[in-house]
Amino acid sequence: MATVRVHPIQLEYSVSGGRQTCSRCGAEETWTASVEPTVSGPRLHRTLHLVHLVREHYADLTGTFAPAERKKESTVADDVAADGDADED
């Protein structure tokens, strides 16, 4: 199973009843692009939240690149099977 390294700020969101909310500010995070996303499930949730972080919490996000902050990163499973978008060979 593939894994991805993330900073704790990237996981500060909640999903309930089909709605995703930023845990930092309470904003609802939704897909607004005119094209459909190419990912789903946890990948889509992390993508939506990362876009929100860039737009609304940029200063906090850029601080995560400092060496001390990078040490806070953890590895999470990137469950391809759950997303249903695995590459077919």
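It should be noted that the structure appears before, not after, this text.
Bear in mind the structure is a predicted one, so any value in this text is a computation, not a measurement.

(A) Representation of the pattern of salt bridges. One pass over the full model with this rule turns up eight salt bridges. Here Arg-24 and Asp-60 are joined by a salt bridge, their closest N and O atoms 3.0 Å apart. In this pair, Arg-24 is assigned in the loop between strand E3 (19–22) and strand E4 (28–29) and Asp-60 in helix H2 (residues 58–62), connecting sequence segments 36 residues apart. Residue classification places Asp-60 among the partly exposed residues on the basis of a relative accessible area of 37%. The salt bridge partner of Glu-69 is Lys-72, with a shortest N-O separation of 2.8 Å. According to the relative accessible area criterion, Lys-72 is partly exposed, its value standing at 45%.

(B) Quick peek at the sheet that holds E4. The three strands are arranged E2-E3-E4 in an open sheet whose pairing can be described as antiparallel. Both outer strands of the open sheet, strand E2 (13–16) and E4, are each paired with one neighbouring strand and no more. Alignment of E2 against E3, held across four bridges, turns out to be antiparallel. Note on E3: the bridge partner recorded for Ser-16 is Arg-19.

Scoring rules and cut-offs
Residues numbered from 1 in each chain as written. Predicted model: local features only at pLDDT ≥ 70, side-chain atom pairs only at ≥ 80, totals over all residues. Heavy atoms only, no water. Salt bridge = Lys/Arg side-chain N within 4 Å of Asp/Glu carboxyl O. Helix = DSSP H or I, 4+ residues; strand = E, 2+ residues; numbered from the N terminus. Buried < 20%, exposed > 50% of the residue type's maximum accessible area, 1.4 Å probe, protein only. Pairing = 2+ DSSP bridges.

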